Amino acid sequence: MTAAIIDGKAFAATLRARVGELATAFEAKAGRKAGLAVVLVGEDPASQVYVRSKGKSTLEAGMNSFEHKLPADTSEADLLAVVEALNADVAVDGILVQLPLPKHIDEQKVIAAINPDKDVDGFHVTNAGRLAVGQPGFVPCTPLGCLMLLKDRLGDLSGLDAVVIGRSNIVGKPMAQLLISESCTVTVAHSRTKDLADVVRRADIVVAAVGRPEMVKGDWIKPGATVIDVGINRVPGAEAGKTRLVGDVDYASAAAVASAITPVPGGVGPMTIAVLLRNTLVAAYRNAGLVLAADAV
Ligand code: NDP
């Protein structure tokens, strides 16, 4: 078997176009654009790239982008004051504080300061709680993107065995919650899991969010399973001094067994920003008291 490639790049482009249409409709109804504020503290090069890319995509979707770049020595109190000002600003529907923050700032305290109804990253405990009990809220972008790809590929997920490898608050745990709410039978594996290969072999759906290059091998995969590879790992390339990106799944051996698989790059990665825009749009409709159909985007 050679697996079908799940084209996250194409899916994300379609999602972004749909968000753009709905953002235009929002502007006509609300008399203002939807707006996303991104706060960056310090000059971490990877974070700078992410923030630039988020800003550009936000503008392309017809929304306002408010960038707040603060120096690395910004105090926690000053950052909290910026978050408070954004909470109060009616032009701002979504607030994203780029992580990681400098060591002298308590990340949890900053996330807790964001109004949960503007927390488009879905990291606030209120949104984690809403997800756990099945109330509307904001779900972290990467796992929600994974779920969209799975439903697009498989339709109804009810009754399927899913194994999520990784239990972070950003990916693994919310992914497990989403799959439970789709009526999958969910196993969450992590660094203490015994016989991981055997656990993974049970799965109709494998979501790998580990951060270990090509750890999941083809002979761990049940024939016909669907594999979602969240991992983004930089490893030495074929040419000296060059690097390349690989996932947490050994793509070649897994693709020989699975029925469908996300590539790295071009799979889950592009979904994260597309879902961030989607969450901002949903926030804008809610904050303006406008109705957006549940299946609109
Ligand atoms: P974390 O480091 O926060 O979590 C990794 C998880 O993997 C932990 O739960 C850990 O277990 C588990 N783990 C580590 N080693 C093993 C092992 N040998 N066997 C089984 N489980 C193991 O990572 P994130 O969740 O933030 O990210 C995971 C991956 O996804 C990374 O490669 C990251 O770059 C990528 N990522 C990609 C995104 C995208 O946009 N596509 C967005 C976010 C992340 P334990 O809890 O026991 O330590």
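Higher on the page you've got the structure.
The numbering scheme is per chain: residues are counted from 1 as the chain's sequence reads. Restriction of local features to residues with pLDDT of at least 70 applies here, the model being predicted, together with a cutoff of 80 or more for giving and counting side-chain atom pairs; totals for whole chains, interfaces and linings are based on all residues. Side-chain descriptors were evaluated using all non-hydrogen atoms of the structure, hydrogens and water having been removed beforehand.

Asker: Just to check I follow, could you spell out the site of the ligand for this structure?
Answerer: Around the ligand, the structure places 21 residues, and the nearest of them are R167, S168, S191, R212 and T272. Interatomic distance of 2.7 Å between a side-chain N/O atom of R167 and an oxygen atom of the ligand. In this text, near means that some heavy atom of the residue lies within 4 Å of the molecule or strand in question. Polar contacts, as used here, are pairs of N or O atoms within 3.5 Å; protein pairs need one atom able to donate a hydrogen and one able to accept it. Residues neighboring in sequence count only if both atoms are side-chain atoms.

Asker: Is there a simple way to explain the sheet that holds strand 5 (residues 161-165) in this structure?
Answerer: The strands making up a sheet associate through backbone hydrogen bonding, with each pair oriented either parallel or antiparallel. Strand pairing is assigned whenever DSSP detects at least two bridges linking the two strands. Each helix corresponds to a stretch of at least 4 residues labelled H or I by DSSP, and each strand to a stretch of at least 2 residues labelled E; elements are numbered beginning at the N terminus. The strand order across the open sheet built from six strands is 1-11-8-7-5-6, with neighbouring strands paired in parallel fashion. Where the open sheet ends on each side, the last strands, each with one partner, are strand 1 (4-5) and strand 6 (185-189). The criterion used for residue contact is that any of the two residues' heavy atoms lie within 4.5 Å. Under this scheme, a helix contributes an axis fitted over its contacting stretch, all axes are lines through C-alpha atoms, and angles between N-to-C directions fall in the 0 to 180 degree range. On the sheet, helix 6 (residues 141-154) packs against strand 1, strand 7 (205-208), strand 8 (226-229) and strand 11 (260-261) and is oriented at approximately 160° with respect to strand 8. Its contacts with the sheet put helix 7 (residues 172-181) on strand 5, strand 6 and strand 7, and the angle it makes with strand 5 is roughly 170°.

Asker: Even after reading the chapter, I still don't get the packing of aromatic side chains, so can you show me in this structure?
Answerer: By convention, a stacked pair of Phe, Tyr or Trp rings (six-membered ring in the case of Trp) has centres within 6.5 Å and planes under 30 degrees apart, an edge-to-face pair has planes over 60 apart, and any other such pair is tilted. Inspection of the entire model under this criterion finds one aromatic pair. In this structure, R286 is placed above the aromatic ring of F138, and the distance from its NZ or CZ to the ring centre is 4.9 Å. Note on criteria: charge over ring means Lys NZ or Arg CZ within 6 Å of the ring centre, with the direction from the centre no more than 35 degrees off the ring normal.

Asker: What should I look at first to understand the environment of L101 in this one?
Answerer: Looking at the secondary structure, you find L101 in the loop between strand 4 (94-97) and helix 4 (107-113). Here the term buried applies to any residue with accessible area under 20% of the maximum for its type, exposed to any over 50%, and partly exposed to those in between, with areas from a 1.4 Å probe on protein chains only. A residue is classified by how much of its surface remains accessible, and L101, at 7% relative accessible area, is buried. Taking the C-alpha atoms as reference points, L101 and G42, separated by 59 residues in sequence, lie 7.9 Å from one another.

Asker: What's the story with the side chain of S57 in this structure? I'm lost.
Answerer: Within the fold, S57 resides in helix 2 (residues 45-60). The residues touching S57, leaving out its near neighbours within four places in the chain, are R16, I273 and L277.

Asker: In this structure, what is going on with unusual backbone geometry? I would like to understand it.
Answerer: Peptide bonds are, in most cases, trans, and in most cases residues other than glycine have a negative phi. The linkage connecting L99 with the following residue, P100, adopts the cis geometry, with an omega of 0°. Along the polypeptide, P100 turns up in the loop between strand 4 and helix 4. Across the junction of V264 and P265, the peptide omega takes the value 0°, indicating a cis bond. Looking at the element boundaries, P265 is found in the loop between strand 11 and helix 10 (269-287).

Asker: Honestly, helix 5 (residues 125-133) in this entry has me stumped. Any pointers?
Answerer: An α-helix turns once per 3.6 residues; consequently, residues spaced three or four apart project the same way. Every buried residue belonging to helix 5 is among N127, R130 and L131, and all of these are buried. Down the axis of helix 5, the smallest arc covering the buried residues is 100°, so these residues share one side. The exposed residues of helix 5 that point more than 90 degrees off its buried face are V125 and V133. Among the residues trailing helix 5, G134 stands out with phi positive, at a value near 80°. Regarding the arc, it is the one traced by the directions from the helix axis to the C-beta atoms.

Asker: Looking at this structure, how should I read the pairing of strand 3 (residues 64-70)?
Answerer: Side-chain direction in a regular strand flips from residue to residue, so the side chains alternate between the two faces of the sheet. Strand direction decides the pairing type here: strand 2 (residues 35-41) and strand 3, joined by seven bridges, are parallel. Paired with A37 across the two strands is F66, which belongs to strand 3.

Asker: It is not clear to me how the pattern of salt bridges should be interpreted in this structure. Could you clarify?
Answerer: Oppositely charged side chains are able to pair whenever their charged atoms sit close together. What makes a salt bridge here is a side-chain nitrogen of Lys or Arg within 4 Å of a carboxyl oxygen of Asp or Glu, nothing more. Per the counting criterion, the structure on display carries 11 salt bridges. Here D93 and R32 are joined by a salt bridge, their closest N and O atoms 2.9 Å apart. One end of the pair, D93, is in the loop between helix 3 (76-88) and strand 4; the other, R32, is in the loop between helix 1 (8-30) and strand 2, with 61 residues separating them in the sequence. Residue E239 is joined to K242 by a salt bridge in which the shortest nitrogen-to-oxygen separation is 3.9 Å. Connected via shared salt-bridge partners are R16, K56 and E60.

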